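So the chains spell out like this:
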Amino acid sequence: MTKQQANWSPYDNNGGTCVAVAGTDYCVIAADTRMSSGYNILTRDYSKIIQLADKSVLASSGFQADVRALQKVLAAKHLQYQHQHNKQMSCPAMAQLLSNTLYYKRFFPYYAFNVLGGLDHEGKGCVFTYDAVGSYERVGYSSQGSGSTLITPFLDNQLKSPSPLLLPARDAVTPLSESEAIDLVKTCFASATERDIYTGDKLEILVLNASGLRREYMELRKD
Amino acid sequence: MFRNQYDTDVTTWSPAGRLFQVEYAMEAVKQGSAAIGLRSKSHVVLACVNKTSSELSSHQKKIFKVDDHIGVAIAGLTADGRVLSRYMRNECINYFYTYESQLPVGRLVVQLADKAQVCTQRSWKRPYGVGLLVGGLDESGAHLYYNCPSGNYFEYQAFAIGSRSQAAKTYLERKFESFMDSSRENLIKDALFALRETLQGEKLTSSVCTIAVVGIGEAFHILDQETVQELINEFEIAGEEAPVAEPAAPDQAGVAEPAAPDQAGGAEPAAAADADDDNQAAPGDQGAAPMDM
């Protein structure tokens, strides 16, 4: 007698791609706005990005219902933090909180692939990349989601430290200027859109720097 | 109130049908330093006296932000007030998580009142020894509530609690009819005047008081010391008479322009100038030597 199998899954993958790049005094966080299920498009205009605090922006691809629940939990936790400490959470603090929140559901995970971007205590850009259960690392750039396999090698080529043999291989913040970084990100998505069916429609870009938060949009291929 | 054989337990009734422990808890509120609340159609102002127990210590926090649209001023056992504020904050956060909309003030005060009532009906508990003036905004407008240790709550146009609050209440009773249509500035001004009443002649400066405002388009926040001092100076409140009838506004040296139209155009009842001396410890005593803090 074969083992009983579930005839439904609590998860769905709504596709999409997220990217973040850290600069010396800025951080760029971007994600496409397409939401899919299987071979269908549910909407062309869904934001995967949320600003959790003054200097922390979260972009998440995966199962958007879990993403939304995760965003709400983090927002509530942040409010409590503000009441207790009379200040906003820093990006590194938010990074740890996100990791703990994800691991809390280690045995029924949030199906969310997260990239957290922001400014650290010194005002430098920082990017944290996660897996679904909270393992995280600070990096200079990252990509998650359906197009990540197409984007990450390209970012490695453009941004990675050229000689990892000489120094410990740590991704430093890129020396690129803010506008160069934005162009790079736009290029990433234009390429990913060509070959990944789940990425496209529109690109939402958030730029965090000393003067605050700025939002930009770019059209992507809709096929 | 005399000590008697029915006041040991909160769950013991007196033959006259009173719960003495609850009444004693309300006494604790009267011992705390004054807190005042006023509201108009669009704003709520909370003000309180913030005196330190010694020059060496810092001020006790008496006004708490509960959410963007609700704040609370307390009088009595500050520790109890802190704990209740934490409860209120969590309730607002949880409500927003579930409904993605702000918790209406009226709902929050009922929850708070029910929580207080529990402590009046358990032998292993004691009533909260703090009175809360809850000011907030919701879809139905601006509201001010007073929550008692007894578990009762009432809505007010204006109210004062704590020590020497009667002086403030008398001032508010005279003026409250004008509050509904008051401007934000006049509301704050009236709060400062009411606060001054409780100081019984002591000089009103921003180091003795805390003011907080919430209104339509304005999240709840505590005004910083500089702003408060500027307002006190602008309204010449420190040692002056209340602005019941002041045609002679120009003789106040250095008054900023906005103050004059405020006093002329404010919704003041045209009472006689001597109507307000029942509450003045030192009428017209500008620059009187301030008491040591």
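Throughout this document, residue positions are counted from 1 along each chain, in the order its sequence is written. Going through the entries in the order they are written, you letter the chains from A and number the ligands from 1. For a predicted model such as this one, the threshold for reporting local features is a pLDDT of at least 70, and the threshold for listing and counting side-chain atom pairs is 80 or more; totals across whole chains, interfaces and linings nevertheless cover every residue. As a rule here, side-chain values cover all heavy atoms of the structure and leave hydrogens and water aside.

Named according to an unreviewed UniProt entry, chain B is Proteasome subunit alpha type originating from Forsythia ovata.

Basically, it comes down to this: UniProt positions are given in the numbering used here, feature names are shortened, and annotations may be inferred rather than shown by experiment.
Looking at an unreviewed UniProt entry, one finds chain A named Proteasome subunit beta, with Forsythia ovata as its source organism. Quoted verbatim from the Subunit (unreviewed entry) heading of the UniProt record, the comment on chain A is "Component of the proteasome complex."

## Quick look at the overall build of chain B
So the rule is basically this: Helix and strand definitions here come from DSSP, where helices need a minimum of 4 consecutive H or I residues and strands a minimum of 2 consecutive E residues; each element is numbered from the N-terminal end. The classification of residues rests on relative accessible area computed with a 1.4 Å probe and restricted to protein chains. Under 20% of the type maximum is buried, over 50% is exposed, and intermediate values are partly exposed. Every residue pair with non-hydrogen atoms within 4.5 Å of one another is taken to be in contact. Per-residue and other accessible areas follow the Shrake-Rupley method at a 1.4 Å probe size, with only the shown protein chains counted as cover for residues.
A tally of helices and strands in chain B yields seven helices and 10 strands. Taken across its 293 residues, chain B has 48% of its residues classed as buried. Considering only contacts within chain B whose residues lie at least 6 apart along the sequence, 65% involve residues at least 24 apart. Entry remark: accessible area of chain B is about 14,000 Å², with carbon and sulfur atoms responsible for 51%.

## A look at the sheet that holds strand β2 (residues 43-49) of chain B
Residues and elements named next belong to chain B. To keep it simple, the criterion reads: Two strands make a pair as long as DSSP finds a minimum of two bridges between them. Here an angle of 0 to 180 degrees is reported between the N-to-C directions of two axes, which are lines fitted to C-alpha atoms, with helices fitted over the stretch in contact.
With antiparallel pairing, five strands are arranged side by side in an open sheet as β8-β1-β2-β9-β10. With one partner strand each, in any of the chains shown, β8 (158-161) and β10 (218-222) form the two edges of the open sheet. Strand-to-strand, the axes of this sheet are offset by a mean angle of 10°, without reference to chain direction. Relative to β10, strand β9 (residues 209-215) runs antiparallel, the two sharing three bridges. When the bridges of β10 are listed, Gly215 appears paired with Glu218. Sitting on the sheet, helix α4 (residues 165-175) touches β1 (35-39) and β8, and the angle it makes with β8 is about 170°.

## Points about the pairing of strand β5 (residues 130-138) of chain B
All names here are of chain B. For β5, a buried count of eight out of nine residues is recorded, marking the element as mostly surrounded by other parts of the structure. Looking at chain direction, strand β4 (residues 70-76) and β5 are connected through seven bridges and run antiparallel. Of the residues in β5, the one forming a bridge with Ala75 is Gly131. Of the strand pairs in this sheet, β5 and strand β6 (residues 141-147) are connected by seven bridges, and their pairing is antiparallel. Its bridge partner being in β6, Val134 is matched across the sheet by Tyr145. Taken together, β5 and the strand that follows it, β6, pair antiparallel across an intervening segment of two residues.

## Side note on the side chain of Lys175(B)
Here is the rule: A 3.5 Å cut-off defines polar contacts: any pair of N or O atoms within that distance qualifies, except that in protein one atom must be a possible hydrogen donor and the other a possible acceptor, and neighbouring residues in sequence count only when both atoms are side-chain atoms.
Mapped onto the elements, Lys175(B) comes out in helix α4. A polar contact is formed between the side chain of Lys175(B) and the side chain of Asp190(B), at a distance of 2.7 Å.

## As for the layout of surface pockets
Put simply, the rule is: Every definition here rests on a 1 Å grid over the protein atoms only: cavities are sets of points where a 1.4 Å probe fits but cannot get out, pockets are open sets enclosed by protein on both sides within 12 Å along at least five of seven lines, and lining residues have some atom within 4 Å of a point. Grid points are joined across faces, edges and corners, and a volume is the space filled by probe spheres set on the points. Gly is placed with the polar residues, together with every amino acid not listed as nonpolar (Ala, Val, Leu, Ile, Met, Phe, Trp, Tyr, Cys and Pro) or charged (Asp, Glu, Lys and Arg).
One number sums up the size of the largest pocket: a volume of about 810 Å³. In terms of lining, the largest pocket is formed by 32 residues, of which the most central are Ala75(A), His78(A), Leu79(A), Gln82(A) and Asp68(B). Elements supplying a minimum of two residues to the lining of the largest pocket: β5 (49-53) and α1 (64-85) of chain A together with β3 (63-67), α2 (78-99) and β10 of chain B. Per-element tally for the lining of the largest pocket: the top contributor is α1(A), with nine residues. When grouped by side-chain class, the residues that make up the lining of the largest pocket number 13 nonpolar, nine polar and 10 charged.

## What to know about the nonpolar core
Soluble globular proteins: nonpolar side chains tend toward being buried together. The cut-off we apply is this: Note on terminology: a nonpolar core comprises buried Ala, Val, Leu, Ile, Met, Phe, Trp, Tyr and Cys residues joined through side-chain atoms within 4.5 Å.
Residues Leu38(B), Leu172(B), Leu192(B) and Ile211(B) are the most contacted members of the largest nonpolar core, which totals 30 residues. Contributions of two or more residues to this core are made by β1, β2, β8, α4, α5 (184-198), β9 and α6 (225-234) of chain B. A per-element tally of this core places α5(B) first, with seven residues. Those residues in contact with Ile211(B) that lie beyond four places of it in its chain are Val45(B), Leu46(B), Ala47(B), Ile188(B), Leu192(B), Leu195(B), His221(B), Ile222(B), Leu223(B) and Val228(B). Formed by 21 residues, the second largest nonpolar core is a distinct cluster that contains Val73(A), Tyr81(A), Met94(A) and Leu102(A).

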